[in-house]
Amino acid sequence: EAAHRHPLWVKELYGFEDHKPETEEYGVSSFVYRATTPFHPQKIHDVLTEDLPGVIRAKGHFWVASRPDWVAEFSLAGAISSIKPLGTWWAAVPHERWPEDPHALAHIKKLWEEPYGDRRQELVFIGADMNKAGIIAALDEALIEPKVEYEPASWEKLADPFPKWRNASEMSQ
């Protein structure tokens, strides 16, 4: 219960040096899943909406191939989970609308990887007796194949079970 209340996923995700591992503090383990290849929408929906045995908490952001501009957020706390849009990737924002602050630009460049820009999968899983290898294998299986081509136009027609996400301009209408 104490581990569930603490936002340790942030420390795990971003690698804070003073982070005391949950294995020492609460008897809970964690890992971060990272990839730059997009997820197939139906496959990642199936993985994230099915049971993840041993996972107590999961959170992070990801991208699905059929929605190359959107940053999606996954959040799981106990039996309650959500998948929702967070905004757009910098790769989808025209450069003239990028921040001018050198620290912000350095952060964007640090995350940049061609051909995807800053698009990436970063999901942290926290739990007890998790099948880490099984979770990683399921996530890897949900990635688009082939992993070397960037073909967003061909991915738009993939089966996509997620509801339509509206951008801020559509919500204000």
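Everything that follows concerns the structure shown earlier in this document.
Reading the values: rules and limits
Residues numbered from 1 in each chain as written. Predicted model: local features only at pLDDT ≥ 70, side-chain atom pairs only at ≥ 80, totals over all residues. Heavy atoms only, no water. Pairing = 2+ DSSP bridges. Helix = DSSP H or I, 4+ residues; strand = E, 2+ residues; numbered from the N terminus. Axes fitted to C-alpha atoms, helices over the stretch in contact; angles between N-to-C directions. Contact = heavy atoms within 4.5 Å. Buried < 20%, exposed > 50% of the residue type's maximum accessible area, 1.4 Å probe, protein only.

Asker: Which residues make up the sheet that holds strand β3 (residues 70–77), and what values go with them?
Answerer: One open sheet holds the 5 strands; their spatial order is β1-β5-β2-β3-β4, and the pairing between them is antiparallel. This sheet does not close on itself; its edge strands, each paired only once, are β1 (29–35) and β4 (80–88). The mean inter-strand angle of the sheet, taken between neighbouring strand axes irrespective of direction, is 15°. Two elements, strand β2 (residues 55–62) and strand β5 (residues 121–127), share 6 bridges in a ladder whose sense is antiparallel. Of the residues in β5, the one forming a bridge with G60 is L123. Sitting on the sheet, helix α6 (residues 132–141) touches β1, β2 and β5, and the angle it makes with β1 is about 20°.

Asker: A description of the pairing of β2 should follow, citing residues and the corresponding values.
Answerer: The buried fraction of β2 is high, at 7 of 8 residues. Of the strand pairs in this sheet, β2 and β3 are connected by 6 bridges, and their pairing is antiparallel. Within β3, the residue paired with H61 across the bridge is E73.

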